[in-house]
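Coordinate analysis (summary)
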Amino acid sequence: MTYSDVIRRSIEFIEKNIHDELPLDMLARKVGFSKFHYHRIFLKEVGVSASEYVRYRRLAFAANMLLYTDERIIDIALYLRFETQESFSRSFKKYYHLPPGQYRKIMTKLTRQREEIDMKNNQLLKGWHLSGTSPAQYEIGIDREMVHKGKASGYLKTITATPSHEFGTMMQQFKADKYAGKRLKLSGFMKTKQVEVCCGFWMRVDDNFGDVLQFDNMINRPISGDTEWNHYAIVLDIPKSSAVIAFGVLLSGSGQVWLDELRFEEVDEQTPTTNINFLEELLEEPVNLSFEE
């Protein structure tokens with residue numbers, strides 16, 4: 001089991017128990033690590049410490065409850081393990097730049113206005129576009145209720161009955177110049193609902209002729225069914241001849257996937273790549289021609 005697998009298992013536990021006490025030493029014991037080692041690995045894989053992750057996930061839950069429930073602020077604070085309403089308000093204001101009461105009052109109205117606009121413009125998502133074998137069967141958009149951090153997440157979902165062999169993707173691409181000759185990691189969080197076949201992040205590196213130099217679509221570690229938010233990553237080398245980097249999330253068959261907090265970072269050679277080498281299975285010579293082996 002890799003460190004990435006261990007951290008995903010840990011995040012799964014955190015997501016299921018976000019309303020309980022989650023001290024660092026207990027989280028470390030759950031995966032069999034020392035507290036120091038767990039802290040270091042979590043920070044390296046996710047980009048924030050485990051304690052910071054728990055804090056901002058609780059605040060994301062709080063923001064959702066402020067907008068979509070009538071729960072009192074003090075009850076939300078205690079439910080999410082803040083000792084006092086004052087400590088909750090301080091932490092909330094640090095992340096959302098408004099105290100909880102003002103956030104509820106101001107953002108509830110803005111959210112309703114945005115949802116009306118989003119219903120008309122879901123296919124016009126800045127920077128992203130919809131593609132795949134049959135784009136008309138899929139939809140991309142912004143979700144302001146199902147959020148991992150901040151105020152919104154992106155989603156890709158089916159809107160009609162979709163055969164299992166069809167797929168849709170929410171994607172974008174950019175020039176590779178800045179990263180040529182380097183190793184690049186794409187990471188982020190995904191949550192799924194009723195994914196029939198599979199889904200996952202994907203990333204592709206092409207040269208000027210359109211030939212694929214590096215590629216990974218998580219086909220060897222697919223996500224399916226119903227899953228809570230968790231952290232996933234792709235690592236590819238960007239050859240010096242690279243021209244374009246394309247990436248996104250892919251959904252095969254029916255279902256819905258949410259994505260949030262995507263980021264790119266350069267990594268060193270100690271971080272293994274996830275490139276799918278389609279030539280690995282090419283044999284040196286033909287075998288078993290008599291079918292007797």
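See the structure printed just above.
A brief report on the enclosed structure follows. Bear in mind the structure is a predicted one, so any value in this text is a computation, not a measurement.

1. Digging into the packing of aromatic side chains
We describe a pair of aromatic rings using the distance from one ring centre to the other and the angle between the two ring planes. Across all of its chains, the model carries 15 aromatic pairs by this definition. Ring centres of Trp128 and Phe247 lie 5.5 Å apart, and the angle between their planes is 75°; on these two criteria the pair is classed as edge-to-face. A residue pair is termed long-range when its members are at least 10 positions apart, and Trp128 in the loop between α7 (100-121) and β1 (129-132) and Phe247 in strand β8 (residues 242-252) qualify at 119 residues. The two residues Trp128 and Phe247 agree in class, both being buried. Seen from their ring centres, Phe174 and Tyr179 are 6.2 Å apart, and the 75° between their planes marks the pair as edge-to-face. Feature note: the residues Tyr38, Phe42, Tyr53, Tyr56 and Phe189 constitute an aromatic cluster, connected by ring pairs. The aromatic ring of Tyr56 is capped on one face by Lys149, whose charged end is 4.4 Å from the ring centroid.

2. Remarks on unusual backbone geometry
Residue Gln194 is not a glycine yet carries a positive backbone phi of 50°. Relative to the helices and strands, Gln194 resides in strand β5 (residues 182-207). Owing to a relative accessible area of 57%, Gln194 belongs among the exposed residues under this scheme. For Met218, which is not glycine, the phi dihedral falls at a positive 60°. Of note, Met218 is situated in the loop between β6 (212-216) and β7 (223-238). The exposure class assigned to Met218 is buried, which follows from its relative accessible area of 1%.

3. Observations concerning the packing of helix α1 (residues 3-16) against helix α3 (residues 35-46)
Remark: α1 packs on α3, axes separated minimally by 10 Å, with the N-to-C direction vectors making an angle of 95°. Between α1 and α3, the angle falls in the class roughly perpendicular. Contacts between α1 and α3 involve Tyr3, Ser4, Ile7, Ser10, Ile11 and Ile14 from the first element and His37, Tyr38, Ile41, Phe42, Glu45 and Val46 from the second. Partitioning the contact of α1 with α3 into residue classes produces eight nonpolar, three polar and one charged.

4. Remarks on the nonpolar core
Ranked by size, the top nonpolar core spans 29 residues in total, and within it Leu156, Met170, Met190, Phe201, Met203, Ile238 and Val249 carry the most contacts. Secondary-structure elements contributing two or more residues to this core are β2 (138-143), β5, β7, β8 and β9 (256-267). Leaving out residues up to four positions away in the same chain, Met203 has contacts with Leu184, Leu186, Gln214, Phe215, Asp216, Ile234, Leu236, Ile238, Ile245, Ala246, Phe247 and Phe264. In this structure, Ile7, Met26, Val46 and Val54 belong to the second largest nonpolar core, which totals 24 residues.

5. Description of the environment of Ser187
Tracing the backbone through its elements, the reader meets Ser187 in strand β5. A residue is classified by how much of its surface remains accessible, and Ser187, at 1% relative accessible area, is buried. Put simply, Ser187 and Ala161 are 26 residues apart on the chain and 30 Å apart in space, counted from C-alpha to C-alpha. Setting aside its immediate chain neighbours within four residues, Ser187 contacts Phe201, His231, Tyr232, Ala233, Glu261, Leu262, Arg263 and Glu265.

6. Examining the pairing of β2
Burial within β2 is extensive, with five of its six residues counted as buried. Pairing analysis gives six bridges linking β2 to strand β3 (residues 153-158), with the strands arranged antiparallel. Pairing of Tyr138 across the sheet is with Thr158, part of β3.

Rules used throughout
Residues numbered from 1 in each chain as written. Predicted model: local features only at pLDDT ≥ 70, side-chain atom pairs only at ≥ 80, totals over all residues. Heavy atoms only, no water. Phe/Tyr/Trp six-rings, centres within 6.5 Å; stacked < 30°, edge-to-face > 60°. Helix = DSSP H or I, 4+ residues; strand = E, 2+ residues; numbered from the N terminus. Buried < 20%, exposed > 50% of the residue type's maximum accessible area, 1.4 Å probe, protein only. Lys NZ or Arg CZ within 6 Å of the ring centre and 35° of its normal. Axes fitted to C-alpha atoms, helices over the stretch in contact; angles between N-to-C directions. Parallel < 35°, antiparallel > 145°, perpendicular 65-115°, else oblique. Contact = heavy atoms within 4.5 Å. Nonpolar A, V, L, I, M, F, W, Y, C, P; charged D, E, K, R; others polar. Core = buried A, V, L, I, M, F, W, Y, C linked by side-chain atoms within 4.5 Å. Pairing = 2+ DSSP bridges.

Everything listed here is a matter of coordinates, which is why it stays silent on function.
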